[in-house]
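This is what each chain is made of:
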Amino acid sequence: MTEFDLREQDCIEGMSLLDAECIDLVVTSPPYNLGVSYRKYSDGQDRRSYLRWCHKWAGQVRRILKSTGSSFLNIGAAPSNPMLPHEIVMELRDLFVLQNTIHWIKSIAIDTAEGRTSAPNPHLNPLSAPPGRDANPDAKRRVRVDGGIKTYGHFKPISSKRFLNDCHEYVFHFTKTGRVEIDRLALGVPYQDKSNIARWSHTRGSDLRCRGNTWFVPYKTIQSREKERPHPATFPVQLAEWCMKLHGVSRIQTMLDPFLGIGNSAVAAQRCGVKRFIGFEIDETYLAEAKRRLKSRR
């Protein structure tokens with residue numbers, strides 16, 4: 001059973017009271033400085049002040065993170081403000097090594113029409129095979145799909161003559177050294193071409209490959225934000241779970257979220273059986289909701 005230490009406290013102050021190198025994993029998403037209406041935080045600082053604030057709390061994260069630890073930082077942008085996530089990465093470059101950049105896809109449109117991929121490049125067409133290779137190594141993978149464009153997931157539409165709808169965010173994987181080992185196959189997916197299992201020695205006969213750095217994790221559909229997701233900016237529990245699994249759940253003794261919100265990262269820790277979880281939140285209403293959700297799951 002997970003031991004929770006959830007505090008109504010500013011995270012910089014709270015983290016300063018923790019011992020150095022006591023945290024195995026950080027999964028968090030701070031305010032993006034994009035004008036979101038929080039109850040107790042002004043999300044509209046000038047850019048330089050916001051970046052200095054990010055450096056300050058990230059400095060505390062570095063101090064308390066173990067040398068073998070990982071810090072996963074979820075940051076989004078706005079179509080009219082696309083450089084913000086990259087500016088944050090540059091601001092933190094003296095504190096951390098950016099070990100992986102993960103693209104969190106919230107919504108995607110896929111053209112499933114048969115024969116739409118170009119025949120000259122067989123690697124783009126799952127229904128064909130390169131010269132000399134069995135065209136049907138696994139009949140089960142040759143599933144023909146009725147044509148058409150299908151959309152998956154959810155996004156916030158915008159009305160603009162200049163910008164596209166923003167359907168993705170970043171998850172930056174920071175470590176102190178850039179050499180922290182991860183569990184690539186904890187999120188593994190089966191090979192589409194089963195002949196790869198025998199052809200590639202690194203598979204060791206296993207039908208599982210690295211998922212890569214593009215993760216499709218949609219939000220669950222809700223009918224009422226006030227009742228079902230009473231916070232203006234949350235990430236899905238599944239996103240936090242995947243970060244935990246990628247780092248290696250068995251290696252996580254203590255996990256931290258400096259910006260707890262309504263506790264999605266804490267719920268993920270509870271699901272995965274992490275021994276101890278620490279969270280900071282300045283809004284008593286969000287904190288109360290986080291505690292309620294954790295209690296209801298026991």
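See the structure shown above.
This is a predicted model, so every value here is computed, not measured. (Residues numbered from 1 in each chain as written. Predicted model: local features only at pLDDT ≥ 70, side-chain atom pairs only at ≥ 80, totals over all residues. Heavy atoms only, no water.)

### Comments concerning the overall build of the protein
When its secondary structure is counted, the protein shows 8 helices and 10 strands. Counting every position in the protein, which comprises 298 residues, the buried fraction comes to 44%. Partitioning the contacts of the protein with sequence separation of at least 6, the portion at a separation of at least 24 is 77%. Split by element, the accessible area of the protein, about 16,200 Å² in all, is 50% carbon and sulfur. (Helix = DSSP H or I, 4+ residues; strand = E, 2+ residues; numbered from the N terminus. Buried < 20%, exposed > 50% of the residue type's maximum accessible area, 1.4 Å probe, protein only. Contact = heavy atoms within 4.5 Å. Areas by Shrake-Rupley, 256 points an atom, 1.4 Å probe, with all protein chains shown as cover.)

### Details of the environment of Ser195
In this fold, Ser195 is placed in helix α4 (residues 195-199). Under the relative-accessibility criterion, Ser195 is labelled buried at 17%. Ser195 sits 12 residues away from Asp207 along the chain, and the two C-alpha atoms are 9.9 Å apart.

### Description of the packing of helix α2 (residues 47-64) against helix α3 (residues 84-91)
For any two helices packed against each other, one specifies the crossing angle of their axes together with the interaxial distance. One can describe the packing of α2 onto α3 by two numbers: an axis separation of 9 Å at closest approach and a directional angle of 50°. The angle between α2 and α3 places the two elements in the oblique class. Viewed along their axes, α2 and α3 form a crossing whose handedness is right-handed. Residue-level inspection shows Arg47, Arg48, Tyr50, Leu51, Arg52, Cys54 and His55 of α2 in contact with α3, the latter providing Leu84, Glu87, Ile88 and Glu91. In terms of residue class, the contact of α2 with α3 is built from 5 nonpolar, 1 polar and 5 charged. (Axes fitted to C-alpha atoms, helices over the stretch in contact; angles between N-to-C directions. Parallel < 35°, antiparallel > 145°, perpendicular 65-115°, else oblique. Left-handed = near helix turned anticlockwise from the far one by under 90°. Nonpolar A, V, L, I, M, F, W, Y, C, P; charged D, E, K, R; others polar.)

### Examining the pattern of salt bridges
If charged atoms from side chains of opposite charge come close, those side chains can pair. Here the structure, examined in full by the defined rule, presents 11 salt bridges. Among the ionic pairs, Arg7 bridges to Asp5, the shortest N-O distance being 2.6 Å. Classification of Arg7 by relative accessible area gives partly exposed; the value is 22%. With a relative accessible area of 19%, Asp5 lands in the buried category. Notably, a salt bridge pairs Lys66 with Asp24, separated by 2.9 Å at the nearest N-O pair. A residue pair is termed long-range when its members are at least 10 positions apart, and Lys66 in strand β3 (residues 65-75) and Asp24 in strand β2 (residues 23-28) qualify at 42 residues. (Salt bridge = Lys/Arg side-chain N within 4 Å of Asp/Glu carboxyl O.)

### Section: helix α8 (residues 284-296)
Over its 13 residues, α8 extends 18 Å from the first C-alpha to the last, a length consistent with the 18 Å expected when each residue adds 1.5 Å. Among all positions in α8, only Tyr286, Leu287, Glu289, Ala290, Arg293 and Leu294 are buried. Across the axial projection of α8, the buried residues extend over an arc of 160°, all falling on one side. Among the exposed residues of α8, those pointing more than 90 degrees away from its buried face are Lys295 and Ser296. Contacts from the buried residues of α8 go to β1 (3-8), α6 (237-247), α7 (264-272) and β10 (276-281). Measuring from the side-chain oxygen of the N-cap residue of α8 to the backbone nitrogen of Thr285 gives 2.8 Å; that N-cap residue is Asp283. (Expected span 1.5 Å × (residues − 1). Arc of directions from axis to C-beta. Polar contact = N/O pair within 3.5 Å; in protein donor to acceptor, adjacent residues only side chain to side chain.)

### Side note on the sheet that holds β10
Whether parallel or antiparallel, the strands of a sheet pair through hydrogen bonds between backbone atoms. Spatially, β1-β10-β9-β2-β3-β7-β4-β8 is the arrangement adopted by the 8 strands of the open sheet, whose pairing is mixed. At either margin of the open sheet sits one strand with a lone partner, and together these are β1 and β8 (214-216). For this sheet, the mean inter-axis angle between neighbouring strands, taken without regard to orientation, is 20°. Relative to the sheet, α6 contacts β2, β3, β4 (97-105), β7 (168-175), β8 and β9 (254-257), its axis offset from that of β3 by approximately 150°. (Pairing = 2+ DSSP bridges.)

### Looking at the environment of Tyr41
Looking at where Tyr41 falls in the secondary structure, it is placed in the loop between β2 and α2. Separated by 242 residues in sequence, Tyr41 and Asp283 have C-alpha atoms that sit 8.5 Å apart. The contact partners of Tyr41, leaving out residues within four places of it in the chain, are Pro31, Tyr50, Trp53 and Ile282.

### Things to note about α2
With 18 residues, α2 extends 26 Å between its outermost C-alpha atoms, agreeing within 8% with the 26 Å of an ideal straight helix rising 1.5 Å per residue. Among the residues of α2, Tyr50, Leu51, Trp53, Cys54, Trp57, Ala58, Gln60, Val61 and Ile64 are the ones counted as buried. Where α2 is buried, its residues meet α1 (11-16), β2, β3, α3 and β9.

### As for the packing of aromatic side chains
What the rule picks out here adds up to 11 aromatic pairs. Here Trp53 and Phe259 contribute two aromatic rings whose centre-to-centre distance is 5.6 Å and whose plane-to-plane angle is 65°, an arrangement assigned as edge-to-face. In this pair, Trp53 sits in helix α2 while Phe259 sits in the loop between β9 and α7, placing the two residues 206 residues apart along the sequence. For Phe259, a relative accessible area of 16% corresponds to the buried category. Each ring, one from Trp215 and one from Trp242, has its centre 5.5 Å from the other, and the planes form 80°; the classification is edge-to-face. Highlighted residues: Trp215 in strand β8 and Trp242 in helix α6, separated in sequence by 27 residues. Here Trp215 and Trp242 have matching classes, each one buried. (Phe/Tyr/Trp six-rings, centres within 6.5 Å; stacked < 30°, edge-to-face > 60°.)

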